[in-house]
Amino acid sequence: MIDFFFHYFLNKDEDSLRVYIANFGEENYEWPVCKAKGTVATMNDIKAQPLWEQGKKEEYIVSRMKNDKSARGQAPTRQTASRWYNLMTIISETADDLWIHRDGEKLYWTISKNAPHFFENKKEPVGRKRDVVVCHKPCKQWSDRSRSGQQLLWRGLHPKAKDFLSTEATLQQLKPENAEYAIALINGEDLSPWHEQELWKKKNANASKEYNPVTYANSARKAAMRMARMAFTTAKQSNGQTVERVVKNKDVKFRNEIELEDYITALIEAQEGMCALTELPLEMDEKDGDKELICSLDRIDSNGHYERDNLQVVCRFINRWKSDSDNEEFRRLLKILGISCMTQDN
């Protein structure tokens, strides 16, 4: 029997629903604890935690950029360090949100409770093996079955749904149309309105032809190759020549495309696969993805060159919208438009 809490959540106004896809620590080490205790969690390096508790965001960002690494061993970008700061806030404040987690062939879900969070100190058992402070937020018991009782198996999901129901990042909030699908899936509802869409049908048709699934690392490298090639081409075509207007010089300060590919790949990893300006998950170059979310190389200072510390990877439509705008001014405009960006102050 579904209790009142579940009934209340799954009948809330859709505009108020927040749906998160989450991993819990490097190599997902905290998942068994979350599953057993009924929590969602994130963690901070023990030296960084006091800065978060004191609300010193700028000091936290600078400290993490200087002293920490991403799970893949890359120095975090400023955007990623800012995102890490906000993750602890998201976990500590979550209430009545839907959380989804993949564990091998099973998909689990839960609802966060409006209850106090709590902290635990521990040494990470894998990877960097840092001393960390883990923030746990109570939630309902994790379930691998829909409301109607069907087991939620990864292999049974539509290929398009797999694109957004897994994450390379620590956690990410689903955009509204994907959140709506996830809620319908958990609710055991008819999913044909999505499956009958042309993009979904194409993805399903091509999935059966893909015998060797592309790994995240390989797809990121493929995308980096495309962006590096485009950067060199753009630079060659912008040597101050006059057509109808003067085109600004855009030099590439990398020795060759391979060196730039390496740098872009590291950027994608440092950004944890997220758009640097909006925190939307980046699409790589897979077939039948959302072409407006495909990753695009952007110069932070549009008057600058393609060089280290002046590059970020964003969604294609964001790069087009930003054009030659100042980076911080563009962030301000995004905030005015109400576009969620976890790297911004609330």
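Above this text sits the structure in question.
What comes next concerns the included structure.

Thresholds, definitions, all that
- Residue numbers restart at each chain and count upward from 1, following the sequence in its written direction.
- At least 70 in pLDDT is required for a residue's local features to be given in this predicted model, at least 80 for side-chain atom pairs to be given and counted, and no such filter applies to totals for whole chains, interfaces and linings, which use all residues.
- Hydrogen atoms and water are omitted, and side-chain values are computed over all heavy atoms in the structure.
- The numbering of helices and of strands both runs from the N terminus, where a helix is a DSSP run of H or I of at least 4 residues and a strand a run of E of at least 2.
- Here a residue-residue contact requires only that any non-hydrogen atoms of the pair lie within 4.5 Å.
- Angles run from 0 to 180 degrees between N-to-C directions of axes, and those axes are lines fitted to C-alpha atoms, restricted for helices to the stretch in contact.
- Angles are sorted into four bins: roughly parallel if under 35 degrees, roughly antiparallel if over 145, roughly perpendicular if 65 to 115, and oblique for all others.
- By definition, turning the near helix anticlockwise from the far helix through less than a right angle yields a left-handed crossing, and turning it clockwise yields a right-handed one.
- Gly is placed with the polar residues, together with every amino acid not listed as nonpolar (Ala, Val, Leu, Ile, Met, Phe, Trp, Tyr, Cys and Pro) or charged (Asp, Glu, Lys and Arg).
- Note on pairing: two strands pair once DSSP finds at least 2 bridges between them.
- The working definition used for a salt bridge is a side-chain nitrogen of Lys or Arg within 4 Å of a carboxyl oxygen of Asp or Glu.
- Buried, partly exposed and exposed residues are distinguished by accessible area as a fraction of the type maximum, computed with a 1.4 Å probe on protein chains only: under 20%, between the cut-offs, and over 50%, respectively.
- The pairing test for Phe, Tyr and Trp rings, Trp by its six-membered ring, is centres within 6.5 Å, and the orientation test on the planes gives stacked under 30 degrees, edge-to-face over 60, and tilted for anything in between.
- To sit over a ring, a charge needs its Lys NZ or Arg CZ within 6 Å of the ring centre and within 35 degrees of the ring normal.

Assignment of secondary structure puts aspartate 290 in the loop between helix H11 (257-270) and strand S8 (295-299). For the pair aspartate 290 and leucine 199, spaced 91 residues apart in sequence, the C-alpha separation works out to 8.7 Å. For aspartate 290, the contacting residues outside a window of four places in its chain are Lys160, Lys175 and Glu283.

With that out of the way, let us pick up unusual backbone geometry. The phi dihedral of glutamate 27 falls on the positive side, at around 55 degrees, and the residue is not glycine. The residue glutamate 27 is located in the loop between strand S1 (19-22) and helix H2 (31-37) in this model.

This next bit is on the packing of helix H4 (residues 57-67) against helix H5 (residues 78-93). Between H4 and H5, the shortest axis-to-axis distance is 9 Å and the interhelical angle comes to 125 degrees. The pairing of H4 with H5 is recorded here as oblique in orientation. Relative to H5, H4 is oriented so that their crossing is right-handed. Of H5, the residues touching H4 (which contributes Lys57, Glu58, Tyr60, Ile61, Arg64 and Met65) are Arg78, Ala81, Ser82, Trp84, Tyr85 and Asn86. Looking at side-chain class alone, the contact of H4 with H5 contains six nonpolar, two polar and four charged residues.

Another aspect to go through is the sheet that holds strand S5 (residues 118-123). Strand order in the open sheet formed by three strands is S2-S6-S5, with antiparallel pairing between adjacent strands. Single-partner strands in this sheet number two, and they are strand S2 (39-45) and S5. Within this sheet the neighbouring strands show an average axis-to-axis angle of 30 degrees, counted without direction. Here six bridges tie S5 to strand S6 (residues 131-138), and the two strands are oriented antiparallel to one another.

Considering all chains together, one arrives at 22 salt bridges under this definition. Among the salt bridges present, the one from arginine 130 reaches glutamate 124, with a minimum N-O distance of 3.0 Å. For glutamate 124, a relative accessible area of 2% puts it in the buried group. For the salt bridge of glutamate 292 with arginine 320, the shortest nitrogen-to-oxygen distance reads 3.0 Å.

Overall, mixed pairing links the four strands, which are arranged S4-S3-S1-S7 in an open sheet. Lying at the two open borders of the sheet, with one neighbouring strand each, are strand S4 (106-111) and strand S7 (171-173). Across the sheet, the axes of successive neighbouring strands diverge by a mean angle of 25 degrees, strand direction being ignored. Of the strand pairs in this sheet, strand S3 (residues 98-103) and S4 are connected by six bridges, and their pairing is antiparallel. Residue leucine 98 lies in a different strand from S4, and its bridge partner there is isoleucine 111. Here H5 sits on the sheet in contact with S1, S3 and S7, set at roughly 75 degrees to S7. Most of the contacts of helix H7 (residues 176-187) go to S3, to which it runs at about 75 degrees, and overall it touches S1, S3 and S4.

All right, on to the packing of aromatic side chains then. By the definition in use, this model includes 13 aromatic pairs. Between phenylalanine 317 and tryptophan 321 the ring centres are 4.8 Å apart and the planes differ by 85 degrees, which places this aromatic pair in the edge-to-face class. With phenylalanine 317 and tryptophan 321 both in helix H12 (residues 316-322) and four residues apart, the pair spans about one turn of that helix. The partly exposed category is assigned to tryptophan 321, whose relative accessible area is 45%. Ring pairing ties together the aromatic residues Phe24, Trp31, Tyr108 and Trp142, which thus form one cluster. Across the ring face of tyrosine 306, the terminal group of arginine 299 is positioned such that the distance to the ring centre comes to 5.3 Å.

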